[in-house]
Each structure stands twice: as structure tokens, then as C-alpha cells.
Amino acid sequence: MKISKNWLSEFVPISKSNINLENDLTKLGLEVDTIVKDKDDYVIDIEFTPNRGDCLSVYGTARDLSAYKGKKINKPSSSKIFSTNKNIKIKDVDPMISPEYRYMILDNININTKTPNQIVRKLKQADIATVNIIVDISNYVMLEIGQPTHAFDLDKINGKLSITKLKKKNKFIGIDNKEHIIDKGTAVIVDEKNVIHALPGVIGSKKSAVSITTKNILFESAFFVPDIVRLLSRKLRIQTDSSYRFERGVDYNLVDYALSRIHFLLSDLLIIDKCIVTKISKKSLLTKEKTFNYDSNLFKRILGVDIGTKNIKSILRNLGITLKAKKAIIPSYRFDITNNYDLVEEVSRIFGFDNIKEAPLCIPPANRNHSYNFDEKLVTLGYKEVINFTFISKNYSDKSRSLRLENPISVEKSVMRESLLPGLLSNIVYNSNRQQKSIQLFEIGKTYLKDKAKIIEPKVLSAVVYGNKSSVDLVANSYLFGIADLKSHILSIFPDAIFQQNNNSVYFDKDNSLEVLIDNKVIGECGLVSPSVVDDFNLKASVYAFELCINNISFKDKLIFKELSQFPAVYKDITIITNIETNVLNIIDELREESYKYMKNIRIKDIFINKDKLQSNNRNVTLEICLQSNRKTLEDKDIIEDINKVISNLDNKHKIKIQEI
């Protein structure tokens, strides 16, 4: 939007320096594109974000600057309004289109009256063409205070107007001289002969537009619902200055003031009657005063610094936000403020982000219970989430526990699920039939079990893996999923989980499945899905899955934060010779339990088996040892000391031969 600098200065004192003014506007979040000299003035081109419809006027921009500067703002003069409920020109107003509608009738207007030069110049600076005294004043007030208005040639209207939905398809020629086809059900302003005179908040009709022959005028000022205007503008591909403002939200309390301001300006140029405005108001949530509970403690927690209660209240007051007891009352022009977080943003914007000093991050107290986002973790592991019906064809446990529907949709959806696995298995069938070679799916949802007279609904997390670990046809990526993959995935989500033999299961093969425990309580099971279950779905390969009850699972933070070392790590390899049956991972776990001065980690780096010497049943395992100090760069003697200790433990405790260092 382009506005005059001199015009802006009429409302609030501003910096004479263009650089300082640009900085002030930028700090407020109003991005200045250009400032161009225009004789004794400057034209400021400002880019507004979609949520700041309140600033789409000279007065709105000045209002934000006045809050930032703490200066009083000058409000434009207006005529005294004489309100009336006598409605002679509007038949019906749909509150879903316009909950607040006003109009003013002006008779015997001299349309040939010249528009004042200062108004013509300001319109030109904003790239708005002059038309005639009525249209020019209407556009001027829109630029000035942000309320679009529209003037109808009253003599071109048949009877009364209605703001309603179109009853049948019709044509409409706008003031842009283009013909538009308007579908049934579209929001329109029509007369009693169903002639369309305007698309609400978007564009007026050429038929009733003010022209050189106009004598009598109906001036409209209304609050049109943003969604209605946005839909009209997008559907018909019409973008006007009016629609640009309405679809972002215009202050519903401006409708009266806009007409009184127009009347004031015209009264200096024309002989007109007093300002009589007809009011039509309908109840709407959009025009209801917005309030919410005020949380004063949030500011310090979010900003990290205490800028003072008095300072906060002063800033909010300057922004037009009223605090009464524990309530925050939001002004009607701020559609974008809906909660306390918005208030924090407003305060920090006016206070100045540069004035908020850095503060250390507040670490939450240890041992705080919290719930994990299971879905996010599984997606990270490569799973895709599905949502299935809670009805299935059959359960695989004792039928006495099943909940059958009295009026099922179909045979396939006749029983409430006691497990998520049947649904997931159906998903595997669907995807494998469409040439998917690697499938990882999960679902979180309720299951339903009958326990005597009670029905219980545990929340369950289930996941399945099927086929290759990778869908890429490379030999290295053609390994099949197995139970080891499930265990690693479960441990990624539940680090404290332990596994034990599963002796009794409905859905899992008892010889190839495990129970999952947390805090010595069984929360579920994992492993190979029972062949008898898989056979029902005609799957050709094995399916591995886990199913966990997550109803009451919570965790305690056990993270200990340590400062990261600024010194380089040193990596040393040790190759050991072991029997194929030796469990190297157990040996590594025992080595980690020993006390070392600099060793940070030890892991298996490589395994080599000589095929020509398989009869010896030996293999070479390379262990990588990471050493690092928090205080210095390690020297050879420091490294050798820890390496020798590892070798000694391998030799003395585990009787393992070292091949090379």
C-alpha cells in the first residue's frame, strides 16, 4: 500500500528522517519497500502481512506508530450522526454475509463538483484514479481510515435492495466493464427485480454506478464476512482495493464513522442534509467483543526477561487493549489477537526485540513425567501411519470376549476389534498387491474387550514390518525384516523396555515372539505373527509386528546434560580373534563397565571371516575405541594408558587374543 508521508504526519508525529521512519516501521513488522520523493512529499510503499488488516490505512499505520512512540493520535473529524431505524431502501440482510450494515441517502447531489486538489493528489500517490466527487471521497476515506464504502445511483435501483444469496444463475457487468457469470447461491446485492447491483465487498455494478447523470445516492458502509468476500474474489478472480481489505478483516465499528466522515468531507463541498444513517445489525460471533483470561506470568516465561508489569500494561493500553480484572479486552480492529501468546508478541514488538537481552535457556525440572510422541518417533524410523475401522470380520481369541455388532455394515465389519493387527495385515495385503516390496506401517487406537460385565477400551500402539528392509533392488539392501529390527525399534521408543520369552499368545507365534516389559510389567508383545493368522490374509511372506498397550505409560526424564568437549577425539582400532560362538556384544558391555580415564565409547567396527579357514571356527572382530578429554588434547602416553588397560582386560578376563593394534 502506498501512502503519503505528509498525510501520515497529520495523525501522529513522525521522524523527519526517512531512514529513521523506515526503521520504526520495520521494527513494528511493517516492511517498507520503497520511499520515493514526490515534490514536497514522500510516497511510502509498505508491505503488510495478511494478519495486519488493521494497518491497511493511513490512520491504521499511524495508530501502530503512536503505540510504538507513546504519542497521542489525531482522529479525523466527522459529522454528527442522526441514527434511524426507519428502513426505506433495504429489504433483507443475510447476517451470514453482513452482520453490520449501514446506509445514508444523499439527495440532489451536484456530481460535477470538483474534487479538491489535496484529495486528488493523495489518491494519485496511492495509484487510485479519480472519477468524480462521490467516488473520490469514498476512496479517500477508505485510504484514510480503512473502511471501504460504495455509492449506488439510487434512481437505478428497482424498489429495495437485499443482501442475500442469488436464487438463480445470472449475469453481472461490473464497474470494470467486464461481464461475470454469477452462479446460484453466490452472495450478491440485488433489487426487487433480481438485478445484481454489487458483489458484497468486492465490486459494484456498472448499472447503478455513480455517473455524470446521478442526482440521488445511497451510500453503503458495511462489515462483510471475510470468508464470503475471499470466496467471491477468488472464484471470480476479481481483486479490488475493497476486497483486499474486507477479506483480511475490517473493523466492524467503523461502519458508522466512515459514513459520518464522508458526510463531513462532502458538507464542505456540497449542500447536503444532516447525516442520517440507517442501522441494520444482526447477531454474529464475528462482531462480538473478544475477551480472554489474561496471564501476566507468561511474558517473563516467554521473553526470558522481566520488562515490568507497569511497562506491559502501558504498551497494551497504547495498543488499545484493555485489562479489566483478569480479562483482556481486544479492540474490534485487531482480528489477529486471540490469546495470551499474541499479547506477548505485541508487547515484544512494541518494546523492541533489540531491547530484549539474551537469557539462558530454562531447563525443565528433572524427573518430570511426560508422554512421548509415539507417532513422531515411528515416522522417524521409517513407518507410515494408517487409520483403520474399529470394526473387523473376526477376532482370533476366545469368542466369548468378542463384541459383535447387532446391525453390522457388512460381514467384514461385524466385530469390534480386540487388536489392531487384523487391520494392519489388510493394509499389507493392499500395498503388497501394488508391488510394494518394503512395508512399515503403524496405528494408534482403541481396542475393545469384554471382561465379564464390563467393556474395557485400552489404547494400543501396533506396528508391522513386511518384506525387504529397503525397496531398492540392490543385493546389500535385500535383507528381510526380522525380530531384531522390531526390538531395536521398540528400544528407540522405550529405552527401558526389556524382553522375555512369550509362552502364550493369540496373534504371535509362541516360538518366535517375546513379551515386552517396562518396570517389570508386561505392556505387550512382539515377534512373528502367527502363520494361522497370516494365512487368512493370503500373504506369501512372514510378517513381524509388535503390539503395546500405551494407556498408562509415562516416563521420567533421565537425561544428564554434560558440556561437550572442545578437544579432538582420537580413534584407535583393536582387532581380536574370537570363536564364532563368542558373544562380542557381552564383552563390550563388560568393558564399558570398567573405569577408564579417557575412553568415551567402544563399538564393533568390522567383522572378517576367512572362508578358507572356517574349520577353525574363528573370526576377526575389529573394535573401534573412542578416546577424548574435556580438558586437553590427548598425548600418546594418555592414549596408550587406556588402550593397554583394554588389552589387559581382554587378555586376563576374557582370554581373547589380540591380533594387532
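Residues numbered from 1 in each chain as written. Predicted model: local features only at pLDDT ≥ 70, side-chain atom pairs only at ≥ 80, totals over all residues. Heavy atoms only, no water.

What about the overall build of the protein chain?
In step 1: Helix and strand counts for the protein chain come out as 17 helices and 36 strands.
In step 2: The C-alpha atoms of the protein chain give a radius of gyration of 37 Å, which is well past the 26 Å a tight globule of 661 residues would have.
In step 3: By principal-axis analysis of the C-alpha atoms, the protein chain measures approximately 115 × 70 × 50 Å.
In step 4: Classification of the 661 residues of the protein chain by burial places 47% in the buried group. (Helix = DSSP H or I, 4+ residues; strand = E, 2+ residues; numbered from the N terminus. Rg over C-alpha atoms; globule rule 2.2 N^0.38 Å. Buried < 20%, exposed > 50% of the residue type's maximum accessible area, 1.4 Å probe, protein only.)

Considering the sheet that holds strand E15 (residues 276-281)
Pairing between the strands of a sheet is mediated by backbone hydrogen bonds and can be parallel or antiparallel.
In step 1: Taking strand neighbours across the sheet as the criterion, the 5 strands line up as E4-E15-E6-E14-E7 in an open arrangement whose pairing is mixed. The open sheet is flanked by strand E4 (82-84) and strand E7 (149-153), the only strands paired with a single partner. Across this sheet, the average inter-strand angle for adjacent strands is 30°, counted without regard to direction. (Pairing = 2+ DSSP bridges. Axes fitted to C-alpha atoms, helices over the stretch in contact; angles between N-to-C directions.)

What about the layout of surface pockets?
In step 1: As a volume, the largest pocket reaches approximately 750 Å³.
In step 2: Surrounding the largest pocket, 32 residues form its lining, Val135, Asn139, Thr149, His150 and Ile175 being those nearest its centre.
In step 3: If you list the elements that add at least two residues to the lining of the largest pocket, you get helix H5 (133-145), E7, strand E12 (196-199), strand E13 (203-204), strand E14 (217-223) and helix H7 (241-246).
In step 4: Classifying every residue of the lining of the largest pocket by side-chain character gives 19 nonpolar, 10 polar and 3 charged. (1 Å grid on protein atoms, 1.4 Å probe; cavity = no way out; pocket = protein on both sides within 12 Å on 5 of 7 lines; lining within 4 Å. Points joined across faces, edges and corners; volume = space filled by probe spheres on them. Nonpolar A, V, L, I, M, F, W, Y, C, P; charged D, E, K, R; others polar.)

Topic: unusual backbone geometry
In step 1: At aspartate 127, a residue that is not glycine, the phi angle is positive and equals roughly 65°.
In step 2: For aspartate 127, the position within the fold is in the loop between helix H4 (117-125) and H5.
In step 3: Under the relative-accessibility criterion, aspartate 127 is labelled exposed at 56%.
In step 4: Even without being a glycine, asparagine 177 presents a positive backbone phi close to 65°.
In step 5: Of note, asparagine 177 is situated in the loop between strand E9 (170-173) and strand E10 (179-182).

Observations concerning empty space enclosed by the protein
In step 1: The final tally for this structure, using the stated rule, is 3 cavities of 30 Å³ or more.
In step 2: Surrounding the largest cavity, 14 residues form its lining, Gly53, Asp54, Ile145, Asp251 and Leu254 being those nearest its centre.
In step 3: Ranked by residue count, the leading element in the lining of the largest cavity is helix H3 (residues 58-69), at 3 residues.
In step 4: Taken together, the residues of the lining of the largest cavity break down into 6 nonpolar, 5 polar and 3 charged.

A word on the packing of aromatic side chains
Pairs of aromatic rings are described using the distance from one ring centre to the other and the angle between the two planes.
In step 1: What the rule picks out here adds up to 8 aromatic pairs.
In step 2: Measuring from ring centre to ring centre gives 6.1 Å for phenylalanine 223 and tyrosine 252, while their planes differ by 75°; the resulting arrangement is edge-to-face. Placement of phenylalanine 223 in strand E14 and of tyrosine 252 in the loop between H7 and helix H8 (255-267) is noted, with a sequence separation of 29 residues between them.
In step 3: Taking the relative accessible area as the measure of exposure, phenylalanine 223 reaches 1% and is therefore buried.
In step 4: When the centroid spacing of 5.5 Å and the interplanar angle of 70° are considered together, the rings of tyrosine 396 and tyrosine 507 count as edge-to-face. Linking tyrosine 396 in the loop between strand E21 (391-392) and strand E22 (403-404) with tyrosine 507 in the loop between strand E28 (498-501) and strand E29 (508-518), this pair joins segments that are 111 residues apart in sequence.
In step 5: Seen from the ring of tyrosine 333, arginine 63 lies directly overhead, with NZ or CZ sitting 3.6 Å from the centre. (Phe/Tyr/Trp six-rings, centres within 6.5 Å; stacked < 30°, edge-to-face > 60°. Lys NZ or Arg CZ within 6 Å of the ring centre and 35° of its normal.)

Examining the sheet that holds strand E23 (residues 415-416)
In step 1: One open sheet accounts for 3 strands, arranged E21-E23-E22; its pairing is antiparallel. The sheet terminates laterally at E21 and E22, the two strands that pair on one side only.
In step 2: As paired elements, E21 and E23 share 2 bridges and run antiparallel to each other. Among the inter-strand pairings, phenylalanine 391 is bridged to a residue of E23, identified as methionine 416.

Section: a nonpolar patch on the surface
In step 1: Judged by side-chain polarity, Ile580, Ile607 and Ile609 come together as a nonpolar surface patch covering roughly 230 Å² of accessible area.
In step 2: Within the secondary structure, isoleucine 607 sits in strand E34 (residues 599-608). (Patch = residues over 30% accessible without salt bridge, like charges linked within 9 Å, V, L, I, M, F, W, Y side chains within 5 Å. Areas by Shrake-Rupley, 256 points an atom, 1.4 Å probe, with all protein chains shown as cover. Salt bridge = Lys/Arg side-chain N within 4 Å of Asp/Glu carboxyl O.)

Describing the pattern of salt bridges
In step 1: For the structure shown, the criterion picks out 29 salt bridges.
In step 2: In this structure, glutamate 346 engages arginine 334 in a salt bridge whose closest nitrogen and oxygen atoms are separated by 3.0 Å. Of this pair, glutamate 346 sits in helix H11 (residues 340-351) while arginine 334 sits in the loop between strand E18 (327-330) and H11; the two residues are 12 residues apart in sequence, bridging distant segments of the chain.
In step 3: Judged by relative accessible area, which is 2%, arginine 334 ranks as buried.
In step 4: For glutamate 594, the salt bridge identified is with lysine 653, shortest N-O distance 2.3 Å. With glutamate 594 in the loop between helix H16 (584-593) and E34 and lysine 653 in the loop between helix H17 (636-652) and strand E36 (657-660), the pair connects residues that are 59 residues apart, well separated along the chain.
In step 5: It is possible to trace a salt-bridge network through shared partners that takes in Arg52, Asp54, Asp64, Arg334, Asp336, Glu346 and Arg349.

Let's talk about the nonpolar core
In step 1: Within the largest apolar cluster, 72 residues are counted, with the highest numbers of intra-cluster contacts made by Ile134, Phe219, Leu266 and Leu343.
In step 2: It is H5 that contributes the most residues to this core, 8 residues altogether.
In step 3: Discounting residues that sit within four places of it in the chain, phenylalanine 219 has contacts with Arg102, Tyr103, Met104, Leu106, Ile134, Ser138, Thr149, His150, Ala151, Leu259, Ile262 and Leu266. (Core = buried A, V, L, I, M, F, W, Y, C linked by side-chain atoms within 4.5 Å. Contact = heavy atoms within 4.5 Å.)

Overview of the confidence of the model for the protein chain
In step 1: When pLDDT is averaged across the protein chain, the result is 89; 94% of the residues are at 70 or more.
In step 2: Within the protein chain, the element-level pLDDT minimum falls on strand E19 (residues 369-370), averaging 44, and the maximum on E7, averaging 97.
In step 3: Taken together, the stretch residues 366-371 has pLDDT below 50 and engages in 10 contacts with residues farther than four places along the chain or on a different chain. (pLDDT = per-residue confidence, 0-100.)

Describing the environment of isoleucine 35
In step 1: Within the secondary structure, isoleucine 35 sits in strand E2 (residues 31-38).
In step 2: Measuring from C-alpha to C-alpha, the distance between isoleucine 35 and glutamine 501 comes to 76 Å, with 466 residues separating the pair along the chain.
In step 3: Not counting the four nearest positions on each side in its chain, isoleucine 35 is found in contact with Asn18, Glu22, Tyr42, Val43 and Ile44.

Describing helix H13 (residues 421-432)
In step 1: Look at H13: 16 Å from first C-alpha to last across 12 residues, which is about the 16 Å you get at 1.5 Å a residue.
In step 2: Within H13, the full set of buried residues consists of Leu421, Pro422, Gly423, Leu424, Leu425, Asn427 and Ile428. (Expected span 1.5 Å × (residues − 1).)

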